[in-house]
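# Chains, contacts and geometry: an overview
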Amino acid sequence: MYFTDRGIEELVQRRGDEEVGMLWLAERLREFVDLNPEFETPVERLATWLARLDDEDED
């Protein structure tokens, strides 16, 4: 189990019944980076990964 799994499990437990939009998520990610600028790169990577999930492989 990765350390992040605990945070993900807490997120599911606390907010698992909620529906959120991409705009809301983007704003929360921006807010998080504003408060924690040292996480800018990982958040950017996560956002890019989420944005490209449906892209076909470029191989």
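We now turn to the structure provided with this report. None of the values given here were measured: they were computed from a predicted structure.

## What about the overall build of the chain?
- Within the chain, the secondary structure is distributed over three helices and zero strands.
- In the chain, the succession of α and β elements from N to C terminus is α-α-α.
- Taken over the C-alpha trace, the chain has a radius of gyration of 13 Å; the compact-globule value for 59 residues is 10 Å, which it surpasses by more than 25%.
- By principal-axis analysis of the C-alpha atoms, the chain measures approximately 40 × 30 × 25 Å.
- For the chain, with 59 residues in total, the buried portion stands at 5%.
- Carbon together with sulfur atoms contributes 52% to the accessible area of the chain, which is approximately 6,100 Å² in total.
- When the 7 positive and 18 negative side-chain charges of the chain are each reduced to one mean point, those points stand 7 Å apart.

## Some thoughts on the environment of Ala-47
- Mapping Ala-47 onto the fold places it in helix H3 (residues 40-51).
- Using a relative accessible area of 33% as the deciding quantity, one classes Ala-47 as partly exposed.
- Along the primary structure Ala-47 and Leu-35 are separated by 12 residues, whereas in three dimensions their C-alpha atoms are 17 Å apart.

## Observations regarding a nonpolar patch on the surface
- Residues Leu-46, Trp-49, Leu-50 and Leu-53 make up a contiguous nonpolar surface patch of roughly 400 Å² in combined accessible area.
- Checked against the element boundaries, Leu-53 lands in the segment after H3.

Parameters at a glance
Residues numbered from 1 in each chain as written. Predicted model: local features only at pLDDT ≥ 70, side-chain atom pairs only at ≥ 80, totals over all residues. Heavy atoms only, no water. Helix = DSSP H or I, 4+ residues; strand = E, 2+ residues; numbered from the N terminus. Rg over C-alpha atoms; globule rule 2.2 N^0.38 Å. Buried < 20%, exposed > 50% of the residue type's maximum accessible area, 1.4 Å probe, protein only. Areas by Shrake-Rupley, 256 points an atom, 1.4 Å probe, with all protein chains shown as cover. Lys, Arg positive; Asp, Glu negative; His and termini not counted. Charge placed at Lys NZ, Arg CZ, Asp CG, Glu CD. Patch = residues over 30% accessible without salt bridge, like charges linked within 9 Å, V, L, I, M, F, W, Y side chains within 5 Å. Salt bridge = Lys/Arg side-chain N within 4 Å of Asp/Glu carboxyl O.

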